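Survey of secondary and tertiary structure
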Amino acid sequence: MIRTTAVVDRYERDGRVLLLFPNQLIEPGPVAAAIADLAADGIEFDDLVLALVARLGAPGEGSARELVRTCVEELAAHGMLTVEGDPG
Amino acid sequence: METIEVFGLGVRTTIGITGEDPGTLADAVRHAWTRCLEPRGGERDGPAIVVGIDSSAAGPPEPAAAGRTGRDSRQVVDTDIARLMPRLTQAVTTASITEQSGSLLMIHAGAVTNPETRATFAYAAPGGTGKTTLSTLLGRQWCYVTDETVAVTDDGGVIAYEKPLSTRMAADVPKGAPRFKSELSPDDLRLRILPREGRIHLAGLALIVRDDHVRQPVVEELDTLTAMVCLAPETSSLSRLPTPLTRLADLLDSIAPVVRITYAEAADIEPIISAVLRGDS
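Residues numbered from 1 in each chain as written. Chains lettered and ligands numbered in written order. Predicted model: local features only at pLDDT ≥ 70, side-chain atom pairs only at ≥ 80, totals over all residues. Heavy atoms only, no water.

So, the sheet that holds strand E2 (residues 9-13) of chain A
- The sheet built from three strands is open, its strands ordered E2-E3-E4 (chain A) with antiparallel pairing. Among the strands making up the open sheet, the edge pair consists of E2 and strand E4 (24-26) of chain A. On average, each strand axis in the sheet is inclined to that of its neighbour by 15 degrees, with strand direction left out of account.
- Across five bridges, E2 of chain A lies against strand E3 (residues 16-21) of chain A in antiparallel orientation. Bridging across to E3 of chain A, Glu12 of chain A finds its partner in Val17 of chain A.
- In this fold helix H5 (residues 224-231) of chain B packs onto E2, E3 and E4 of chain A, with an angle of close to 20 degrees to the strand it touches most, E3 of chain A.
- Sheet contacts for helix H6 (residues 244-253) of chain B: E2, E3 and E4 of chain A; angle to E2 of chain A, the most-contacted strand, approximately 45 degrees. (Pairing = 2+ DSSP bridges. Helix = DSSP H or I, 4+ residues; strand = E, 2+ residues; numbered from the N terminus. Axes fitted to C-alpha atoms, helices over the stretch in contact; angles between N-to-C directions. Contact = heavy atoms within 4.5 Å.)

In structure tokens form, the structure reads like this:
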């Protein structure tokens, strides 16, 4: 299960998004922003990949699963996601 | 026990003087905090901090303890007055920031004001990277507001914190300064006095980055969202404000474009900030 750490505040302007976590403010890219949104209430990895492809389309090159796994690991390393079990 | 009230960041802090030679310590506190002894109005009551010299204290504090926040920092004891004074300043600052958490937008920055227009320029940077040096330089031409924390109200007003300046380099200590030279009063440094009446407001903000390798200052204009991301690490308790990101964006939209200035010497940066304070286009 993948879950977004509590987002304190969100700010959007001109297609750009900022997310404020308790100890940091980030400007995520489109994939990371979508993951943070979709995982707000917790989501399984396979469902997250499907939801991301539905929202953003399939990646131009490479595997969607690999791309999402890398992104989830990076966000988790920064404390923005919690991951229970194998992310995928 | 003798007490001294100091006012800064919109907070009244009561300092209780105890320990050995309390008269000397009280004089040192009044001298260093001379610009903070009178209220500016509207201060909220903050904590009491008890401070004292105790020659039997078990040496200087561990670094981690010196930086500790919260109730532990409300009693400050040391064997040595020169070491005690900056610790007191740190304790007052921490307590005042804690008191205003959730109310004021607080940025780790120094600031000076144009006394005629009340326009205030803040320069944000992590601790130990040039805020005090720049405040010492700019404060001779413009009015000293703070070298530590700029507190901004929800309508863009700035609340002064004219604290003592921690000067570690002997070369910075002016002739005739008292022996508590690690902690200098703005008077010791002949910094201009901020008028007591009238509201001051934030007019400009820079993120300052020291780099000995640059020959001339490099000035980069930041769009509001980029400035928010760069500035966030230099804020206190941002996430405790109501709608913090809207508040920060509104503030940055209301002032001159935020700039990042990479510089080697404080003297190089002074004309850039002075131009904004003069209102030069």
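Resuming the write-up.
A short note on the sheet that holds strand E3 (residues 44-53) of chain B
All names here are of chain B.
- The strand order across the open sheet formed by four strands is E1-E2-E3-E4, and the pairing between neighbours is mixed. Looking at the sheet topology across the chains shown, the edges are occupied by strand E1 (2-8) and strand E4 (75-78). With direction set aside, neighbouring strand axes in the sheet form an average angle of 25 degrees.
- Sheet topology note: the E1/strand E2 (residues 11-19) ladder contains seven bridges and is antiparallel. Residue pairing across strands places Glu5 opposite Thr14, the latter belonging to E2.
- Running at roughly 155 degrees to E2, helix H1 (residues 22-32) makes contact with E1, E2 and E3 of the sheet.
- Strand contacts of helix H3 (residues 81-100): E1, E2, E3 and E4, with the helix running at about 165 degrees to E3, the strand carrying the most contacts.

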